[in-house]
Protein chains: 2
Amino acid sequence: MRHFHIKPEIRVLGVDDGPHSGSHPVPLVGVVFRGNRWFEGILKTEITKDGMDVTDKLIEMVKTSRQLGQLRIIITDGITFAGFNVLDIRRVFNELGLPVIAVSRTKPNMRDIKKALKNLPDWPRRWDIIRRSGKVYALRPLRGTRPIYVQPMGIDRKTAKQIVEHTRGRSSIPEPVRVAHMVATAIVRGESHGGA
Amino acid sequence: MRHFHIKPEIRVLGVDDGPHSGSHPVPLVGVVFRGNRWFEGILKTEITKDGMDVTDKLIEMVKTSRQLGQLRIIITDGITFAGFNVLDIRRVFNELGLPVIAVSRTKPNMRDIKKALKNLPDWPRRWDIIRRSGKVYALRPLRGTRPIYVQPMGIDRKTAKQIVEHTRGRSSIPEPVRVAHMVATAIVRGESHGGA
(Lines give C-alpha, C1' and ligand atoms only; values in the text may rest on other atoms or scores of the structure.)
Protein backbone atom coordinates (compact mmCIF):
# COMPACT_ATOMS: atom_id res chain seq x y z
CA MET A 1 0.00 0.00 0.00
CA ARG A 2 1.30 3.40 -0.93
CA HIS A 3 0.44 6.66 0.74
CA PHE A 4 0.63 9.63 -1.64
CA HIS A 5 0.88 13.32 -1.20
CA ILE A 6 -2.25 14.40 -3.05
CA LYS A 7 -2.34 17.68 -4.97
CA PRO A 8 -5.80 19.28 -5.12
CA GLU A 9 -5.52 19.39 -8.93
CA ILE A 10 -4.60 15.70 -9.24
CA ARG A 11 -5.36 14.35 -12.74
CA VAL A 12 -8.03 11.68 -12.35
CA LEU A 13 -10.03 9.47 -14.73
CA GLY A 14 -13.66 8.91 -13.74
CA VAL A 15 -15.33 5.89 -15.34
CA ASP A 16 -18.95 4.87 -15.80
CA ASP A 17 -21.10 2.98 -18.29
CA GLY A 18 -24.34 3.86 -20.05
CA PRO A 19 -27.62 2.00 -19.61
CA HIS A 20 -27.86 -1.32 -21.45
CA SER A 21 -30.77 -2.43 -23.59
CA GLY A 22 -31.08 -5.53 -25.71
CA SER A 23 -27.88 -6.73 -27.32
CA HIS A 24 -26.46 -3.28 -28.22
CA PRO A 25 -22.88 -2.53 -27.21
CA VAL A 26 -22.81 -0.46 -24.01
CA PRO A 27 -20.71 2.74 -23.93
CA LEU A 28 -17.98 2.94 -21.30
CA VAL A 29 -16.89 6.55 -20.78
CA GLY A 30 -13.79 7.87 -19.03
CA VAL A 31 -13.67 11.57 -18.14
CA VAL A 32 -10.36 13.22 -17.24
CA PHE A 33 -10.57 15.94 -14.60
CA ARG A 34 -8.01 18.01 -12.78
CA GLY A 35 -9.20 17.73 -9.22
CA ASN A 36 -12.90 18.51 -9.05
CA ARG A 37 -12.70 21.45 -11.41
CA TRP A 38 -11.39 21.12 -14.95
CA PHE A 39 -12.76 18.82 -17.64
CA GLU A 40 -9.53 18.00 -19.49
CA GLY A 41 -10.47 15.16 -21.80
CA ILE A 42 -12.68 12.21 -22.49
CA LEU A 43 -12.25 8.61 -23.61
CA LYS A 44 -14.91 6.24 -24.90
CA THR A 45 -15.08 2.55 -25.64
CA GLU A 46 -17.80 -0.10 -25.84
CA ILE A 47 -18.42 -3.18 -23.71
CA THR A 48 -20.77 -6.14 -23.89
CA LYS A 49 -23.84 -6.58 -21.71
CA ASP A 50 -23.10 -9.34 -19.16
CA GLY A 51 -19.81 -9.90 -21.00
CA MET A 52 -16.32 -10.37 -19.56
CA ASP A 53 -14.59 -7.63 -21.54
CA VAL A 54 -14.73 -4.51 -19.33
CA THR A 55 -11.27 -5.06 -17.77
CA ASP A 56 -9.50 -5.50 -21.14
CA LYS A 57 -11.46 -2.64 -22.73
CA LEU A 58 -10.71 -0.21 -19.90
CA ILE A 59 -7.01 -1.10 -19.85
CA GLU A 60 -6.77 -0.73 -23.63
CA MET A 61 -8.68 2.58 -23.61
CA VAL A 62 -6.33 4.09 -21.04
CA LYS A 63 -3.11 2.54 -22.45
CA THR A 64 -3.70 3.94 -25.94
CA SER A 65 -4.76 7.37 -24.63
CA ARG A 66 -2.63 10.49 -24.86
CA GLN A 67 -3.76 11.16 -21.30
CA LEU A 68 -1.94 8.13 -19.83
CA GLY A 69 1.24 9.95 -18.79
CA GLN A 70 -0.65 12.56 -16.79
CA LEU A 71 -3.14 10.31 -15.04
CA ARG A 72 -2.57 9.56 -11.36
CA ILE A 73 -5.64 7.55 -10.43
CA ILE A 74 -8.77 5.91 -11.81
CA ILE A 75 -12.11 6.22 -10.00
CA THR A 76 -14.88 3.91 -11.15
CA ASP A 77 -18.60 3.74 -10.42
CA GLY A 78 -18.50 0.39 -8.63
CA ILE A 79 -17.03 -2.76 -10.17
CA THR A 80 -19.94 -4.12 -12.22
CA PHE A 81 -20.73 -2.57 -15.59
CA ALA A 82 -23.25 -3.34 -18.35
CA GLY A 83 -25.09 -5.81 -16.18
CA PHE A 84 -22.57 -8.27 -14.71
CA ASN A 85 -19.46 -7.40 -16.69
CA VAL A 86 -17.13 -7.38 -13.68
CA LEU A 87 -14.13 -5.03 -13.59
CA ASP A 88 -10.97 -6.59 -12.18
CA ILE A 89 -9.55 -3.51 -10.41
CA ARG A 90 -6.55 -5.54 -9.20
CA ARG A 91 -5.58 -6.28 -12.80
CA VAL A 92 -6.20 -2.64 -13.84
CA PHE A 93 -3.82 -1.53 -11.07
CA ASN A 94 -1.19 -4.13 -11.99
CA GLU A 95 -1.29 -3.55 -15.75
CA LEU A 96 -1.58 0.25 -15.79
CA GLY A 97 0.37 0.99 -12.61
CA LEU A 98 -2.42 3.35 -11.54
CA PRO A 99 -4.34 2.98 -8.27
CA VAL A 100 -8.08 2.47 -8.60
CA ILE A 101 -10.93 3.51 -6.31
CA ALA A 102 -14.34 1.96 -6.93
CA VAL A 103 -17.01 4.21 -5.41
CA SER A 104 -20.66 3.51 -4.78
CA ARG A 105 -23.60 5.31 -3.20
CA THR A 106 -24.93 2.07 -1.75
CA LYS A 107 -23.15 -0.62 0.21
CA PRO A 108 -22.56 -3.61 -2.05
CA ASN A 109 -24.66 -6.50 -0.75
CA MET A 110 -22.46 -9.52 -1.40
CA ARG A 111 -25.20 -12.03 -0.80
CA ASP A 112 -27.48 -10.37 -3.40
CA ILE A 113 -24.63 -10.02 -5.89
CA LYS A 114 -23.71 -13.67 -5.61
CA LYS A 115 -27.33 -14.71 -6.00
CA ALA A 116 -27.74 -12.60 -9.16
CA LEU A 117 -24.39 -13.76 -10.56
CA LYS A 118 -25.52 -17.38 -10.34
CA ASN A 119 -27.84 -16.74 -13.29
CA LEU A 120 -24.74 -16.54 -15.49
CA PRO A 121 -23.00 -19.70 -16.67
CA ASP A 122 -19.46 -18.64 -15.73
CA TRP A 123 -20.43 -17.07 -12.42
CA PRO A 124 -17.53 -18.49 -10.33
CA ARG A 125 -15.01 -16.52 -12.42
CA ARG A 126 -16.95 -13.29 -11.89
CA TRP A 127 -17.43 -13.98 -8.20
CA ASP A 128 -13.71 -14.63 -7.84
CA ILE A 129 -12.92 -11.16 -9.32
CA ILE A 130 -15.37 -9.53 -6.92
CA ARG A 131 -13.93 -11.35 -3.91
CA ARG A 132 -10.38 -10.31 -4.83
CA SER A 133 -11.35 -6.61 -5.18
CA GLY A 134 -10.55 -5.79 -1.58
CA LYS A 135 -12.38 -4.46 1.39
CA VAL A 136 -15.23 -1.95 1.14
CA TYR A 137 -14.96 1.12 3.39
CA ALA A 138 -17.63 3.65 4.29
CA LEU A 139 -16.52 7.24 3.76
CA ARG A 140 -18.27 10.47 4.62
CA PRO A 141 -16.85 13.19 2.35
CA LEU A 142 -19.74 15.56 3.07
CA ARG A 143 -20.70 16.19 6.68
CA GLY A 144 -24.26 15.44 7.60
CA THR A 145 -24.91 13.27 4.55
CA ARG A 146 -25.01 9.52 4.04
CA PRO A 147 -21.65 7.85 3.51
CA ILE A 148 -20.39 6.54 0.20
CA TYR A 149 -18.60 3.22 -0.13
CA VAL A 150 -15.13 2.83 -1.57
CA GLN A 151 -12.85 -0.04 -2.56
CA PRO A 152 -9.29 1.29 -2.88
CA MET A 153 -6.78 -0.76 -4.86
CA GLY A 154 -3.08 0.15 -4.75
CA ILE A 155 -3.47 2.94 -2.19
CA ASP A 156 -4.43 3.01 1.45
CA ARG A 157 -7.78 4.02 2.84
CA LYS A 158 -6.55 7.40 4.07
CA THR A 159 -5.21 8.40 0.65
CA ALA A 160 -8.42 7.22 -1.00
CA LYS A 161 -10.38 9.46 1.35
CA GLN A 162 -8.20 12.46 0.45
CA ILE A 163 -8.64 11.81 -3.26
CA VAL A 164 -12.42 11.58 -2.95
CA GLU A 165 -12.40 14.83 -0.99
CA HIS A 166 -10.29 16.62 -3.64
CA THR A 167 -12.33 15.34 -6.58
CA ARG A 168 -15.90 15.73 -5.37
CA GLY A 169 -17.89 18.89 -6.03
CA ARG A 170 -21.27 19.60 -4.48
CA SER A 171 -22.14 15.90 -4.59
CA SER A 172 -20.36 13.26 -2.50
CA ILE A 173 -19.50 11.35 -5.71
CA PRO A 174 -16.27 12.52 -7.43
CA GLU A 175 -17.04 14.98 -10.27
CA PRO A 176 -15.36 12.94 -13.05
CA VAL A 177 -17.50 9.89 -12.15
CA ARG A 178 -20.67 11.99 -11.92
CA VAL A 179 -19.93 13.55 -15.33
CA ALA A 180 -18.91 10.21 -16.94
CA HIS A 181 -22.27 8.84 -15.78
CA MET A 182 -24.16 11.69 -17.48
CA VAL A 183 -22.19 11.47 -20.73
CA ALA A 184 -22.55 7.66 -21.01
CA THR A 185 -26.28 7.93 -20.27
CA ALA A 186 -26.80 10.67 -22.89
CA ILE A 187 -24.94 8.65 -25.54
CA VAL A 188 -27.65 5.97 -25.18
CA ARG A 189 -30.73 8.01 -24.22
CA GLY A 190 -30.01 11.45 -25.75
CA GLU A 191 -30.30 13.21 -22.40
CA SER A 192 -29.04 13.08 -18.82
CA HIS A 193 -29.11 15.39 -15.79
CA GLY A 194 -27.59 15.57 -12.35
CA GLY A 195 -25.47 12.46 -12.53
CA ALA A 196 -24.51 9.61 -10.25
CA MET B 1 -32.41 43.95 -27.88
CA ARG B 2 -32.64 43.06 -24.23
CA HIS B 3 -30.05 43.79 -21.59
CA PHE B 4 -30.05 41.27 -18.76
CA HIS B 5 -28.73 41.21 -15.28
CA ILE B 6 -26.42 38.21 -15.51
CA LYS B 7 -25.90 35.96 -12.50
CA PRO B 8 -22.48 34.28 -12.40
CA GLU B 9 -24.19 30.89 -12.11
CA ILE B 10 -26.45 31.46 -15.13
CA ARG B 11 -27.69 28.18 -16.63
CA VAL B 12 -26.28 27.92 -20.14
CA LEU B 13 -26.35 25.30 -22.92
CA GLY B 14 -23.10 24.96 -24.90
CA VAL B 15 -23.46 23.30 -28.31
CA ASP B 16 -20.96 21.70 -30.68
CA ASP B 17 -20.83 18.90 -33.22
CA GLY B 18 -18.48 15.96 -33.68
CA PRO B 19 -16.24 15.43 -36.69
CA HIS B 20 -18.00 14.12 -39.81
CA SER B 21 -16.80 11.26 -41.95
CA GLY B 22 -18.54 9.61 -44.88
CA SER B 23 -22.31 9.50 -44.70
CA HIS B 24 -22.57 8.71 -40.97
CA PRO B 25 -24.91 10.85 -38.86
CA VAL B 26 -22.93 13.51 -36.98
CA PRO B 27 -23.48 13.89 -33.21
CA LEU B 28 -24.66 17.29 -31.98
CA VAL B 29 -24.05 17.65 -28.24
CA GLY B 30 -25.48 20.21 -25.83
CA VAL B 31 -23.87 20.53 -22.39
CA VAL B 32 -25.68 22.35 -19.58
CA PHE B 33 -23.46 24.29 -17.20
CA ARG B 34 -24.14 26.62 -14.32
CA GLY B 35 -21.82 29.49 -15.13
CA ASN B 36 -18.36 28.16 -15.85
CA ARG B 37 -18.38 25.66 -13.04
CA TRP B 38 -20.99 22.94 -12.78
CA PHE B 39 -21.76 20.29 -15.36
CA GLU B 40 -25.52 19.91 -14.83
CA GLY B 41 -26.69 17.87 -17.78
CA ILE B 42 -26.19 16.81 -21.35
CA LEU B 43 -28.32 16.46 -24.47
CA LYS B 44 -27.48 14.64 -27.69
CA THR B 45 -28.98 14.41 -31.13
CA GLU B 46 -27.75 13.63 -34.65
CA ILE B 47 -27.50 15.79 -37.74
CA THR B 48 -26.69 15.21 -41.40
CA LYS B 49 -23.40 16.13 -43.06
CA ASP B 50 -24.05 19.15 -45.33
CA GLY B 51 -27.75 18.77 -44.52
CA MET B 52 -30.28 21.44 -43.58
CA ASP B 53 -31.51 19.86 -40.35
CA VAL B 54 -29.37 21.38 -37.58
CA THR B 55 -31.86 24.16 -36.72
CA ASP B 56 -34.83 21.80 -36.38
CA LYS B 57 -32.77 19.21 -34.52
CA LEU B 58 -31.38 21.72 -32.03
CA ILE B 59 -34.81 23.26 -31.38
CA GLU B 60 -36.37 19.83 -30.89
CA MET B 61 -33.53 18.67 -28.61
CA VAL B 62 -33.95 21.68 -26.32
CA LYS B 63 -37.77 21.79 -26.45
CA THR B 64 -38.14 18.16 -25.36
CA SER B 65 -35.49 18.48 -22.65
CA ARG B 66 -36.19 18.58 -18.93
CA GLN B 67 -33.60 21.37 -18.82
CA LEU B 68 -35.67 23.81 -20.90
CA GLY B 69 -37.27 25.68 -17.97
CA GLN B 70 -33.92 26.44 -16.35
CA LEU B 71 -31.95 27.45 -19.45
CA ARG B 72 -31.25 31.15 -19.93
CA ILE B 73 -29.04 31.17 -23.01
CA ILE B 74 -27.56 28.97 -25.74
CA ILE B 75 -23.92 29.35 -26.80
CA THR B 76 -22.91 27.61 -30.01
CA ASP B 77 -19.54 26.93 -31.65
CA GLY B 78 -20.14 29.11 -34.72
CA ILE B 79 -23.15 28.66 -36.99
CA THR B 80 -22.03 25.91 -39.39
CA PHE B 81 -22.12 22.30 -38.23
CA ALA B 82 -21.37 18.94 -39.91
CA GLY B 83 -19.88 20.65 -42.92
CA PHE B 84 -22.33 23.28 -44.19
CA ASN B 85 -25.39 22.46 -42.13
CA VAL B 86 -26.16 26.10 -41.24
CA LEU B 87 -27.78 26.94 -37.89
CA ASP B 88 -30.45 29.63 -38.10
CA ILE B 89 -29.81 31.35 -34.74
CA ARG B 90 -32.60 33.86 -35.43
CA ARG B 91 -35.12 31.03 -35.69
CA VAL B 92 -33.67 29.31 -32.57
CA PHE B 93 -34.16 32.57 -30.64
CA ASN B 94 -37.70 33.07 -31.99
CA GLU B 95 -38.89 29.50 -31.42
CA LEU B 96 -37.26 28.79 -28.06
CA GLY B 97 -37.37 32.33 -26.66
CA LEU B 98 -33.74 31.96 -25.61
CA PRO B 99 -30.95 34.29 -26.73
CA VAL B 100 -28.13 32.67 -28.67
CA ILE B 101 -24.45 33.58 -28.88
CA ALA B 102 -22.40 31.97 -31.66
CA VAL B 103 -18.72 32.06 -30.67
CA SER B 104 -15.67 31.40 -32.78
CA ARG B 105 -11.89 31.52 -32.30
CA THR B 106 -11.39 32.82 -35.81
CA LYS B 107 -13.09 35.67 -37.61
CA PRO B 108 -15.58 34.25 -40.11
CA ASN B 109 -14.36 35.08 -43.62
CA MET B 110 -17.59 35.72 -45.50
CA ARG B 111 -15.94 35.62 -48.92
CA ASP B 112 -14.45 32.14 -48.25
CA ILE B 113 -17.71 30.86 -46.74
CA LYS B 114 -19.72 32.00 -49.76
CA LYS B 115 -17.21 30.43 -52.15
CA ALA B 116 -17.36 27.08 -50.32
CA LEU B 117 -21.16 27.21 -50.03
CA LYS B 118 -21.45 27.50 -53.81
CA ASN B 119 -20.44 23.84 -54.10
CA LEU B 120 -23.84 22.94 -52.66
CA PRO B 121 -26.96 22.96 -54.86
CA ASP B 122 -29.16 25.00 -52.50
CA TRP B 123 -26.46 27.45 -51.46
CA PRO B 124 -28.60 30.64 -51.65
CA ARG B 125 -30.82 29.36 -48.83
CA ARG B 126 -27.78 28.67 -46.65
CA TRP B 127 -26.17 31.98 -47.52
CA ASP B 128 -29.38 33.78 -46.62
CA ILE B 129 -29.37 32.23 -43.12
CA ILE B 130 -25.74 33.25 -42.61
CA ARG B 131 -26.43 36.82 -43.75
CA ARG B 132 -29.39 37.15 -41.39
CA SER B 133 -27.37 35.92 -38.39
CA GLY B 134 -26.31 39.40 -37.37
CA LYS B 135 -23.10 41.26 -36.93
CA VAL B 136 -19.88 39.62 -35.73
CA TYR B 137 -18.09 41.34 -32.84
CA ALA B 138 -14.56 40.82 -31.59
CA LEU B 139 -14.39 40.21 -27.85
CA ARG B 140 -11.37 39.90 -25.58
CA PRO B 141 -12.47 37.96 -22.48
CA LEU B 142 -8.86 37.22 -21.47
CA ARG B 143 -6.41 40.11 -21.32
CA GLY B 144 -3.31 39.74 -23.43
CA THR B 145 -4.77 37.00 -25.62
CA ARG B 146 -6.26 37.03 -29.08
CA PRO B 147 -9.93 38.03 -29.30
CA ILE B 148 -12.79 35.63 -29.94
CA TYR B 149 -15.65 36.47 -32.29
CA VAL B 150 -19.29 36.47 -31.25
CA GLN B 151 -22.65 36.82 -32.96
CA PRO B 152 -25.29 37.64 -30.33
CA MET B 153 -28.94 37.04 -31.18
CA GLY B 154 -31.67 38.38 -28.89
CA ILE B 155 -29.29 40.18 -26.52
CA ASP B 156 -27.02 43.16 -26.89
CA ARG B 157 -23.29 43.05 -27.31
CA LYS B 158 -22.57 44.15 -23.74
CA THR B 159 -24.70 41.38 -22.24
CA ALA B 160 -23.08 38.84 -24.57
CA LYS B 161 -19.67 39.94 -23.32
CA GLN B 162 -20.76 39.50 -19.69
CA ILE B 163 -22.11 36.04 -20.41
CA VAL B 164 -18.90 34.95 -22.11
CA GLU B 165 -16.93 36.28 -19.15
CA HIS B 166 -19.10 34.38 -16.64
CA THR B 167 -19.02 31.11 -18.57
CA ARG B 168 -15.40 30.86 -19.67
CA GLY B 169 -12.82 29.05 -17.54
CA ARG B 170 -9.09 29.13 -18.24
CA SER B 171 -9.80 29.24 -21.99
CA SER B 172 -11.44 32.19 -23.74
CA ILE B 173 -14.13 29.85 -25.09
CA PRO B 174 -17.09 29.29 -22.71
CA GLU B 175 -16.67 26.04 -20.73
CA PRO B 176 -19.93 24.39 -21.89
CA VAL B 177 -18.90 24.87 -25.53
CA ARG B 178 -15.37 23.60 -24.88
CA VAL B 179 -16.76 20.52 -23.11
CA ALA B 180 -19.49 19.90 -25.75
CA HIS B 181 -16.71 19.92 -28.35
CA MET B 182 -14.75 17.26 -26.47
CA VAL B 183 -17.76 15.04 -25.83
CA ALA B 184 -18.97 15.18 -29.46
CA THR B 185 -15.44 14.45 -30.70
CA ALA B 186 -15.04 11.47 -28.36
CA ILE B 187 -18.39 9.99 -29.43
CA VAL B 188 -16.96 9.72 -32.98
CA ARG B 189 -13.23 9.18 -32.34
CA GLY B 190 -13.18 7.54 -28.90
CA GLU B 191 -10.95 10.27 -27.43
CA SER B 192 -10.64 14.04 -27.10
CA HIS B 193 -8.54 16.47 -25.03
CA GLY B 194 -8.39 20.15 -24.31
CA GLY B 195 -11.36 21.17 -26.39
CA ALA B 196 -12.31 24.08 -28.63
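Rules of the game
- Residues numbered from 1 in each chain as written.
- Chains lettered and ligands numbered in written order.
- Predicted model: local features only at pLDDT ≥ 70, side-chain atom pairs only at ≥ 80, totals over all residues.
- Contact = placed C-beta atoms within 7 Å.
- Helix = DSSP H or I, 4+ residues; strand = E, 2+ residues; numbered from the N terminus.
- Nonpolar A, V, L, I, M, F, W, Y, C, P; charged D, E, K, R; others polar.
- Least-squares fit on C-alpha atoms with pLDDT ≥ 70 in both.
- Buried ≥ 20, exposed ≤ 12 C-beta atoms within 10 Å, placed from the backbone.
- Pairing = 2+ DSSP bridges.
- Axes fitted to C-alpha atoms, helices over the stretch in contact; angles between N-to-C directions.

**Focus on the interface of chain A and chain B**
Right, so step 1: If you look at the interface, chain A gives 22 residues, while chain B gives 22 residues.
Right, so step 2: For the side of chain A that touches chain B, the elements supplying multiple residues, two or more each, are β3 (38–47), α6 (175–189) and β10 (191–193) of chain A.
Right, so step 3: Of all the elements, β3 of chain A adds the most residues to the side of chain A that touches chain B, at eight residues.
Right, so step 4: When the residues that make up the side of chain A that touches chain B are grouped by side-chain class, the tally is nine nonpolar, nine polar and four charged.

**Quick look at the relation of the copies chain A and chain B**
Right, so step 1: For the pair chain A and chain B, the superposition axis carries a translation of 0.0 Å, the fit reaches an RMSD of 0.0 Å, and the rotation angle comes to 180 degrees. Interpreted geometrically, this transformation is the action of a two-fold axis.
Right, so step 2: Of the residues that chain A buries at the interface, 100% are likewise interface residues in chain B, meaning the two copies contact each other through the same surface.

**A word on unusual backbone geometry**
All names here are of chain A.
Right, so step 1: Residue Asp50 is not a glycine yet carries a positive backbone phi of 55 degrees.
Right, so step 2: Tracing the sequence through the fold places Asp50 in the loop between β3 and α1 (54–63).
Right, so step 3: With 16 C-beta atoms counted inside 10 Å, the residue Asp50 sits in the partly exposed group.
Right, so step 4: We note that Ala82 has phi near 45 degrees; this positive angle belongs to a residue other than glycine.

**Topic: the sheet that holds strand β7 (residues 100–104) of chain B**
Right, so step 1: In spatial order, the strands read β10(A)-β3(B)-β2(B)-β1(B)-β4(B)-β7(B)-β9(B)-β8(B); together these eight strands make up an open sheet with mixed pairing. The two strands at the open ends of the sheet, each matched to only one other strand, are β10 of chain A together with β8 (137–139) of chain B. This sheet shows a mean twist of 25 degrees between the axes of neighbouring strands, independent of strand direction.
Right, so step 2: Sheet topology note: the strand β1 (residues 11–17) of chain B/strand β2 (residues 26–34) of chain B ladder contains seven bridges and is antiparallel. Among the inter-strand pairings, Asp17 of chain B is bridged to a residue of β2 of chain B, identified as Leu28 of chain B.
Right, so step 3: Contacting β10 of chain A together with β3 (38–47) of chain B, α6 of chain A runs over the sheet at an angle of about 20 degrees to β3 of chain B.

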